[in-house]
Structures are given as structure tokens and as C-alpha cells.
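Residue strings, one per chain:
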Amino acid sequence: TSVASGTLIFTMSVTSFIEVAIMKKKRSVKIISGSAFTNCNNLSEVILNGTLRSLQNSAFASCDSLKTISIDGEELAVGSSVFIQCDTLEEIRFTGTISFFDRNLVSECRSLKRIYLPKKIAALPQGFISVEDGFEAIIYDGTVAEWNAVKKDTNWYVSSASFTVICTDGEIKY
């Protein structure tokens, strides 16, 4: 399937929201509203390309079959608890520019292994991520010096195990 800017790709049956907003009107997606896909248990993969500006609170909470999500946004604002209780979520990939992260992006995602972050990211707030045993790494698209320059709250992560931030020129252990 070819992917146009702003297209949502789902490996599930098409809901009326997607059919009307994407297929019939051919409009790009700029906002995923709060709780838009909460408890959407047949959703396994999401690809959001290019036009997304706002990913609101709990947008993908409790999506029990979601495994991967890729989000490309420019000046993207990301709300709180976007990925909470997504038991099968393994990978979150952000590209573009993140202008704002709220608290608690990830929590209770027992299968999460990796989060990819772009070079251009906003500050990381208190409780940005809460990761479980088995979480491996944040892959950051910048240097160690650039990662260290990102403003981070003292308690930006909660983890019961160590993990690594992998940068383009080295690694940092947490």
C-alpha cells in the first residue's frame, strides 16, 4: 500500500472514522483527539506521516494488540498517557520535531523494548516514561552532547531495570 502524507495505516477492519476522514474526503490528519483509539483491541500497527500536529491525551490507551507505532510530525505536541496499558506495544518511533511532551507518555506497556526520538525534541517532563523490565533503549537521532543538552526533569523516567540511550556517536546507561 502506498502511503500519502497524513495517511493512517491500520492492520484492522476500517472504522467509520477512518473511512470518512481519510478515504472519502482525502484529508490529512492533524489531530488525534483524546482517547480516540482507547480500547481499540484489533489495532496492531499505526503509521502517521507528516501532517500530524497534536496527539492528545490517552489517544492509544489500552490498545491490547498494538505492536508498533510510527509518528512523523512537525512541531508535534504530545499529550499525557498516550500509551498506557498497551500490553503488546514493542516499539514507538517518532520522527520530525516534537515541540511538547506532557507527562506519562508511556506506562504499563509490558512488552515495550524501544522508543525512537528525533534530534529535535522538547524537554522531557517528570514521569515522561515509566518502563518495565525488558525495556532496552531509547534510540536518539542526535549526539551524546545533544542528548545531554535536552532539558530533562530530574525524574523524567521510572524504570525497574537499566536501559540505554543510544545516540549517533555513543551510548548512555541509565
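The following paragraphs examine the structure supplied in this document. As the structure is a computational prediction, the values presented were derived from the model and not from experiment.

Cut-offs applied
- By convention here, each chain's residues receive numbers from 1 onward along its written sequence.
- Local features are withheld for residues below a pLDDT of 70 in this predicted model, meaning they are given only at 70 or higher, and side-chain atom pairs are given and counted only at 80 or more; totals for whole chains, interfaces and linings count all residues.
- Heavy atoms from the whole structure form the basis of all side-chain values; hydrogens and water molecules are not counted.
- Put simply, DSSP marks the helices as runs of H or I at least four residues long and the strands as runs of E at least two long, and each gets a number from the N terminus on.
- Note on contacts: a residue pair qualifies if any of its non-hydrogen atoms lie within 4.5 Å across the two residues.
- To qualify as a nonpolar core, a set must consist of buried Ala, Val, Leu, Ile, Met, Phe, Trp, Tyr and Cys residues joined through side-chain atoms within 4.5 Å.
- The cut-offs for exposure are 20% and 50% of the maximum accessible area for each residue type, with area from a 1.4 Å probe on protein chains only; residues under the lower value are buried, those over the upper are exposed, and the others partly exposed.
- Classification of ring pairs uses Phe, Tyr and Trp, with its six-membered ring standing for Trp, and accepts pairs whose centres are within 6.5 Å; under 30 degrees between planes counts as stacked, over 60 as edge-to-face, and the remaining range as tilted.
- A ring is considered to have a charge above it if a Lys NZ or an Arg CZ atom is located within 6 Å of its centre and within 35 degrees of its normal.

1. Here's the deal with the environment of Cys 63
Now for step 1: In this structure, Cys 63 sits in the loop between strand 3 (45-55) and strand 4 (68-78).
Now for step 2: Counting along the chain gives 25 residues from Cys 63 to Thr 88, while the straight-line C-alpha distance between them is 8.3 Å.
Now for step 3: The residues contacting Cys 63, other than those within four sequence positions of it, are Phe 37, Cys 40, Asn 41, Leu 43, Gln 85, Cys 86 and Thr 88.

2. Quick look at the side chain of Ser 62
Now for step 1: Tracing the backbone shows Ser 62 in the loop between strand 3 and strand 4.
Now for step 2: Other than its neighbours up to four places away in sequence, Ser 62 contacts Asn 39, Cys 40, Asn 41, Ile 84, Gln 85 and Cys 86.

3. So, the nonpolar core
Now for step 1: Formed by 46 residues in total, the largest nonpolar core has its most connected members in Phe 60, Phe 83, Phe 94 and Trp 147.
Now for step 2: Residues in contact with Phe 94, not counting those within four places in the same chain, are Ile 71, Leu 76, Val 78, Phe 83, Phe 101, Leu 105, Tyr 116, Leu 117 and Pro 118.

4. Quick word on the packing of aromatic side chains
Now for step 1: What the rule picks out here adds up to 13 aromatic pairs.
Now for step 2: Arranged with centres 5.7 Å apart and planes meeting at 70°, the rings of Trp 147 and Trp 156 form a pair that is edge-to-face.
Now for step 3: On the basis of relative accessible area, Trp 147 is assigned to the buried category, the value being 0%.
Now for step 4: For Trp 156, a relative accessible area of 3% translates into the label buried.
Now for step 5: In textbook terms, an aromatic cluster arises when at least three aromatic residues are bridged by ring pairs, as seen for Phe 135, Tyr 140, Trp 147, Trp 156, Tyr 157, Phe 163 and Tyr 174.
Now for step 6: Across the ring face of Tyr 116, the terminal group of Arg 93 is positioned such that the distance to the ring centre comes to 3.7 Å.
Now for step 7: Here the basic side chain of Lys 152 rests over the ring of Trp 147, its NZ or CZ set 4.7 Å away from the ring centre.

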